[in-house]
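For reference, the chains in residue letters:
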Amino acid sequence: MAEETKAKSIDSATLEMLTKAESDGVSVAFDRAARMKPCPIGAEGSCCSNCAMGPCRIPLPKSKELTTEEEKNRRGVCGATAETIAARNFLCMVAAGCAAHGDHGRKVTELFLMAARGETAGFEIKDEQKLLQLALDFGIEIGQRSRKEIAIDVGETALKEFGKQDGELLFLKRAPLKRQELWRKLGVAPRGIDREVVEALHRTHMGVDQDYKNLLNQASRTALADGWGGSMIATELQDTMFGTPSPVFSQINLGVLKEDEVNVIIHGHEPQLAEMMAMVAQDPEMIKYAKSKGAKGINLAGMCCTANEILMRHGVPIAGNFLQQELVIVTGAVEAMVVDVQCIMQGISDVAQCYHTKVITTDAKAKIQGATHVEFDEHNPFDSAKAILKMAIDNYVNRGKNVHIPREKTDLIAGFSHETINYLLGGLFRASYRPLNDNIINGRIRGVAGVVGCNNPRITHDAQLSMVKELIKNDVLVLQTGCMAMASAKAGLMVPEAAAKYAGAGLASVCEAVGIPPVLHMGACIDNSRILMAATAMVKDGGLGDDISDLPVAGAAPEWMSEKALTIGQYFVASGVYTVFGVTWPTTGSKKVTELLFEEFEETYGGMWAFEPDPLKAARMMIEHIDKKRKALGIDKARERVLYDMEMRRELEAV
Ligand code: BF8
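To keep things clear, this report deals only with the structure shown in the data block. (Residues numbered from 1 in each chain as written. Predicted model: local features only at pLDDT ≥ 70, side-chain atom pairs only at ≥ 80, totals over all residues. Heavy atoms only, no water.)

Considerations on the overall build of the protein chain
For the protein chain, the helix and strand inventory stands at 29 helices and 16 strands. By the compact-globule yardstick of 26 Å for 655 residues, the protein chain fits well, its C-alpha radius of gyration being 24 Å. Along the first, second and third principal axes, the C-alpha atoms of the protein chain reach 70 × 65 × 55 Å. Put simply, the protein chain has 655 residues, and 61% of those count as buried. Put simply, 75% of the contacts in the protein chain that link residues at least 6 apart link residues at least 24 apart. Here the protein chain displays about 24,700 Å² of accessible surface, and carbon together with sulfur accounts for 52% of that area. Positive and negative side-chain charges of the protein chain, numbering 74 and 85 respectively, have mean locations separated by a distance of 2 Å. (Helix = DSSP H or I, 4+ residues; strand = E, 2+ residues; numbered from the N terminus. Rg over C-alpha atoms; globule rule 2.2 N^0.38 Å. Buried < 20%, exposed > 50% of the residue type's maximum accessible area, 1.4 Å probe, protein only. Contact = heavy atoms within 4.5 Å. Areas by Shrake-Rupley, 256 points an atom, 1.4 Å probe, with all protein chains shown as cover. Lys, Arg positive; Asp, Glu negative; His and termini not counted. Charge placed at Lys NZ, Arg CZ, Asp CG, Glu CD.)

As structure tokens, then:
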């Protein structure tokens, strides 16, 4: 294999398919990234295309420090400064991320209401306990009322959160009290999800908000409307409808495809169609139909966050993460790729032309030229999913001879919802985060890190997981979502045995005693709201300060690419978490904006941004931050005292 190819990924299944793509004459994202150099001015946030007087580009000369006079002259036609342009671009990205997660949350809420009212067969309320919790959060009367009445009220209240004009989002009350007060004091408590997105886009219009600090306030408010709004509503209502995840075994990587079965990939983000597909793929009638076409069965596998959703709830295997979406088609073994919304590359349509794969779009707002559009009908979900599956089965006879499925697949355990962690740590009758807090205080666990986000072909695919290895080696428990979770799962970090192999002695001893991996899969990107809840539960359990910013925790998205990732980072920062991004940083064109995000935010929010493309250096920065927080809490000494001999390990295992 050429050295140039080897540098593209650390995942051998990916490299195998890149070699096949090359010999098949197929171009994928890795090739396009090599051809398309990123615009250096856009990359530093210094290009403004918000009106037709421009686009205005105000590049930063790399060679020297700017004089005050030169800095003054860096202006767009309207006079916008480098700060205004960088802050506006940043806010636009945050607004787009909030819109994507929010619209996902809205669609889930609409389906939830249909299910509650009995207007759709196939979806129901599965988690009654969570329904009651939501009713309490929303101030809805429970009393002797029927489950249906409560569910309708919960659905209607959740739907109003999107279009609310004033007051504040109801889930903000879940945050630690001190944090809520801070948001109110700073004027960043979001009112309604849609309202914050609209105001963000109003402010970034030509000639409106031209104060970078004010623009970044709105970035916080919009991002919080995602984390404690759209994303949290999506997670909670999905759990209530489809079931709150609990530990589940599965496998990951391209090797989950089967030579002799109809392979169907479900790709995107919203789980409703995927839930139905998981059900109809087991229907004996459909399996019989597949056999009538010469296949031995139906093999469903996921891609991107839809994969995380049906993995968490059904153990459906994952074919791969974001950068493997074209490569799964290159195997020549995929009958259909069924997509909904977000992170779906237009390139899949071109790649599919070279094989027999049918790309089927299912959402009215996400069509792709060259794909077949079959809209998923939520009023009639069974028949709709069956019709889509039948198209895939019918395509099995068209599978050609140019088929090669890599052998790689890795075992994993997923399903670590916030509730499951609570239960696993504390037991059924005393479910709590107390044991986690105690182990942090006594130093066996140094801290907790959320490592989340995407793949990006600008750097070596999946290689950033060395950050995760470095963190667990240093006794930091890692929580993961999105495509980064998949990278760790492929590397074998999401099985309990990984604790002894990769984790430091303290973390390993706790994982072994509880029976959990050192890296916990918490779901899709919207499920970063689960990490907010876990952090809040740690604060509420006591002993680790009275706000999220006091906790020995850190966050990272070392291979990020999407606007959603930036929104997630911003809501973690505004919630008090130190957050490190890799790859590239979108405000380097303005020193003042970058200083505000990286330094002044620490004063304001107790959490701030950092940028470090080297994953090991970034891990060390996170560990340093965790140690700084331990010291402030006065628990740094406890950590120094812990020296594990075999006897102590045995004692812990006996707990
Ligand atoms: O929402 S991690 S590439 S799939 S954006 Fe997309 Fe990034 Fe993957 Fe999921 Ni999240």
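Details of the sheet that holds strand 16 (residues 609–611)
One open sheet accounts for six strands, arranged 13-12-11-14-15-16; its pairing is parallel. Looking at which strands have only one partner, the edges of the open sheet turn out to be strand 13 (519–521) and strand 16. Ignoring which end each strand starts from, the neighbouring axes of this sheet average 25° apart. The pairing of strand 15 (residues 578–581) with strand 16 spans three bridges and is parallel. When the bridges of strand 16 are listed, threonine 579 appears paired with tryptophan 609. (Pairing = 2+ DSSP bridges. Axes fitted to C-alpha atoms, helices over the stretch in contact; angles between N-to-C directions.)

Quick look at helix 6 (residues 82–116)
Compared with the 51 Å implied by 1.5 Å per residue over 35 residues, the 50 Å span of helix 6 between its first and last C-alpha is a close match. Burial of helix 6 is extensive: 28 of the 35 residues sit out of reach of the surface. Just downstream of helix 6, glycine 118 is the residue with a positive phi angle, here 75°. (Expected span 1.5 Å × (residues − 1).)

Description of the packing of aromatic side chains
One pass over the structure, following the stated rule, counts 12 aromatic pairs. Taking 6.3 Å as the distance between ring centres and 85° as the angle between the ring planes, the aromatic pair formed by phenylalanine 90 and tryptophan 609 counts as edge-to-face. In this pair, phenylalanine 90 is assigned in helix 6 and tryptophan 609 in strand 16, connecting sequence segments 519 residues apart. The exposure classification of phenylalanine 90 matches that of tryptophan 609, with both residues buried. Ring centres of phenylalanine 601 and tyrosine 605 lie 5.0 Å apart, and the angle between their planes is 80°; this geometry places the pair in the edge-to-face category. Here tyrosine 605 and phenylalanine 601 lie together in helix 26 (residues 591–605), a separation of four residues that amounts to about one turn. Judged by relative accessible area, tyrosine 605 falls into the buried class, the value being 2%. The rings of Phe90, Trp560, Phe581, Trp585, Phe598 and Trp609 are connected pair by pair, giving a single aromatic cluster. (Phe/Tyr/Trp six-rings, centres within 6.5 Å; stacked < 30°, edge-to-face > 60°.)

Notes on the packing of helix 6 against helix 8 (residues 147–163)
Two elements in contact, helix 6 and helix 8, have axes separated by 9 Å at closest approach and are oriented at 155°. In terms of orientation, helix 6 and helix 8 fall into the roughly antiparallel class. As helix 6 runs across helix 8, the sense of the crossing is left-handed. In contact with Gly102, Gly105, Arg106, Thr109, Glu110, Phe112, Leu113 and Ala116 of helix 6, helix 8 contributes Lys148, Ala151, Ile152, Val154, Gly155, Glu156, Ala158, Leu159 and Phe162. Its residues placed into classes, the contact of helix 6 with helix 8 shows nine nonpolar, four polar and four charged. (Parallel < 35°, antiparallel > 145°, perpendicular 65-115°, else oblique. Left-handed = near helix turned anticlockwise from the far one by under 90°. Nonpolar A, V, L, I, M, F, W, Y, C, P; charged D, E, K, R; others polar.)

Regarding the coordination of the nickel atom of the ligand
For the nickel atom of the ligand, the protein supplies a single donor, Cys525 (SG), at a distance of 2.2 Å. Mapped onto the fold, cysteine 525 is located in the loop between strand 13 and helix 24 (528–541). (Donors = N, O, S within 2.8 Å, 3.2 Å for Na, K, Ca; no water.)

With respect to the nonpolar core
One finds Val154, Met277 and Leu471 to be the most contacted residues of the largest nonpolar core, which totals 174 residues. Once residues lying within four places of it in the same chain are set aside, the contact partners of leucine 471 are Ala449, Val451, Val476, Val478, Ala619, Met622 and Ile623. In this structure, Met303, Ala319, Val330 and Met337 belong to the second largest nonpolar core, which totals 37 residues. (Core = buried A, V, L, I, M, F, W, Y, C linked by side-chain atoms within 4.5 Å.)

A look at the side chain of asparagine 422
By the secondary structure assignment, asparagine 422 is in helix 18 (residues 418–426). Among the residues examined, asparagine 422 registers a relative accessible area of 18% and is labelled buried.

Describing the pairing of strand 15
With burial as the criterion, each face of strand 15 is covered, one bearing Tyr578 and Val580 and the other bearing Thr579 and Phe581. For strand 14 (residues 553–557) and strand 15, the ladder comprises four bridges, and the chain directions are parallel. Counterpart to alanine 557 in the pairing with strand 15 is phenylalanine 581. With helix 25 (residues 563–574) bridging strand 14 and its parallel neighbour strand 15, the resulting β-α-β unit is right-handed. (Right-handed = clockwise from strand over helix to strand, strands pointing away.)

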